[in-house]
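Chains, contacts and geometry: an overview
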Amino acid sequence: MKQKRIVGNWKMHGTLDHAMAFLDTLLPKLPEGPKVSLAVPYPLLYPLVKKVEGKAVTIGAQNMHQE
């Protein structure tokens, strides 16, 4: 059976403070079941990975593009 996955790619929008506040709001509201992944800007990778440790969220990096 396929597992549902929700992936959010938020491009280069927001600061670290914005990202932390967003996760403070998002984490308590996550549904049971689907796996949630966030593709975040490179500078935010480490702090956001630390923030979601032990949670049902994975953090991924965005790819690069010239536009």
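The structure we're discussing is the one just above.
The text that follows walks through the structure, step by step, so that each part is easy to find. The structure displayed is predicted, hence computed values, not measured ones.

Quick look at the overall build of the protein now. A tally of helices and strands in the protein yields 2 helices and 3 strands. Mapped from its N terminus to its C terminus, the protein presents α and β elements in the order β-α-β-α-β. Taking all 67 residues of the protein together, the buried fraction comes to 25%. Residue pairs at least 24 apart in sequence account for 61% of intrachain contacts in the protein once pairs closer than 6 positions are excluded. A total of about 5,300 Å² of accessible surface is found on the protein, and carbon and sulfur atoms cover 58% of it.

Moving on: the nonpolar core. Of all hydrophobic cores here, the largest spans 13 residues; its most connected members are W10, L38, V40, L48, V57 and I59. Of all the secondary-structure elements, those providing two or more residues to this core are helix 1 (16-26), strand 2 (35-40), helix 2 (45-51) and strand 3 (57-61). Looking at this core, the element that brings in the most residues is strand 2, giving 3 residues. Other than its neighbours up to four places away in sequence, L48 contacts W10, L16, A19, M20, L23, V40 and I59.

In this section: the sheet that holds strand 2. With respect to topology, 3 strands assemble into an open sheet ordered 1-2-3, the strand pairing being parallel. The sheet is open, and its two borders are formed by strand 1 (5-9) and strand 3, each paired with just one other strand. Taking the axes of each pair of neighbouring strands and ignoring which way they run, one obtains an average angle of 20° across the sheet. Judged from the 5 bridges that link them, strand 2 and strand 3 form a sheet pairing that is parallel. Directly across from S37, in strand 3, lies its bridge partner T58.

Here is what the cut-offs are and how they apply
- Residues numbered from 1 in each chain as written.
- Predicted model: local features only at pLDDT ≥ 70, side-chain atom pairs only at ≥ 80, totals over all residues.
- Heavy atoms only, no water.
- Helix = DSSP H or I, 4+ residues; strand = E, 2+ residues; numbered from the N terminus.
- Buried < 20%, exposed > 50% of the residue type's maximum accessible area, 1.4 Å probe, protein only.
- Contact = heavy atoms within 4.5 Å.
- Areas by Shrake-Rupley, 256 points an atom, 1.4 Å probe, with all protein chains shown as cover.
- Core = buried A, V, L, I, M, F, W, Y, C linked by side-chain atoms within 4.5 Å.
- Pairing = 2+ DSSP bridges.
- Axes fitted to C-alpha atoms, helices over the stretch in contact; angles between N-to-C directions.

Read these as layout, nothing more, since geometry by itself doesn't imply function.
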